[in-house]
Amino acid sequence: MKFFVDTAEIDAITELNDLGMVDGVTTNPSLIMKSGRDIIEVTKEICELISGPVSAEVVATDAKNMIAEGRKLAKIASNIAVKLPLTWDGLKACKVLSDEGKMINVTLCFSANQALLAAKAGATFISPFIGRLDDVNLDGMDLINEIRQIYDNFGYETQILAASIRTVNHVTQSALIGADVITAPPSVIKSLIDHPLTDRGLDQFMADWAKTGQKIL
Ligand code: E4P
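Let me begin by describing the structure that accompanies this report. (Residues numbered from 1 in each chain as written. Predicted model: local features only at pLDDT ≥ 70, side-chain atom pairs only at ≥ 80, totals over all residues. Heavy atoms only, no water.)

Looking now at the pattern of salt bridges. The tally for this structure, following the rule as stated, stands at eleven salt bridges. With its nearest N and O atoms 2.8 Å apart, the salt bridge here joins E100 to K102. Its relative accessible area of 35% is what places E100 among the partly exposed residues. Owing to a relative accessible area of 22%, K102 belongs among the partly exposed residues under this scheme. Among the ionic contacts, a cluster of salt bridges with common partners joins R71, E100 and K102. (Salt bridge = Lys/Arg side-chain N within 4 Å of Asp/Glu carboxyl O. Buried < 20%, exposed > 50% of the residue type's maximum accessible area, 1.4 Å probe, protein only.)

Here's what the structure looks like:
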């Protein structure tokens, strides 16, 4: 399973990339706003750091301008995935831009039918938002399950990019279901390693080793 990091913070991306845990990056207008950076500049910097797909989202809401913005964003680097919202205009833009050979990430997916439409429009990635479904008392994992089944039924190659991940359990469940990719905030990816028995076990080994008086180096 691929790990994308859901941030536009260069330091956080670099830290996880140095650990070998970044297969790609996703951004959105809110994350660009939080970074305080210019979208073109920061996206270019991310693309220089990461060779995998880097999602950059359009902000136009009509197909014509989405296409124009998508073409401009795609010029930043060859690993840009143009991010388009799940609307009819977004799907129209998806068809045009994917026919041009650009990677497309269709975002704000909240239903299996929306995911089916995105696959038919040629999306490279579909981004179902797990956490935001959980926020309204639905089960985001049910949606990942449904999309996996539908895409497998028909052999769609659109990759399921489980998004809006808030907990380590979302990552486990996405992996069990067979999502192709997760995108998560740096804090969630860093928490994946946590286990109290690992910490306790290491403390015990270090204490016993100290009693031997030995050194390896
Ligand atoms: C996905 O690409 C989005 O950027 C992101 O996962 C949204 O997450 P949020 O619901 O925590 O804002």
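Moving on from the coordinates now.
Neighbouring residues of the ligand: D6, T26, N28, K83, F129, R132, A163, S164 and R166. Take K83: an N or O atom from its side chain is 2.6 Å from an oxygen atom of the ligand. The separation between an oxygen atom of the ligand and a polar side-chain atom of R132 is 2.6 Å. The protein chains hide 86% of the 350 Å² of surface that the ligand would expose on its own. (Near = heavy atom within 4 Å. Polar contact = N/O pair within 3.5 Å; in protein donor to acceptor, adjacent residues only side chain to side chain. Areas by Shrake-Rupley, 256 points an atom, 1.4 Å probe, with all protein chains shown as cover.)

I46, L84, V106 and I126 are the most contacted members of the largest nonpolar core, which has 58 residues in total. No other element matches the six residues that helix 8 (residues 140-154) contributes to this core. Setting aside chain neighbours within four positions, we find I126 in contact with L86, N105, V106, C109, A115, A118, I147, Y151, T158, Q159, I160 and L161. By size, the runner-up hydrophobic cluster in this structure holds five residues, among which are F4, A81, F125 and L161. (Core = buried A, V, L, I, M, F, W, Y, C linked by side-chain atoms within 4.5 Å. Helix = DSSP H or I, 4+ residues; strand = E, 2+ residues; numbered from the N terminus. Contact = heavy atoms within 4.5 Å.)

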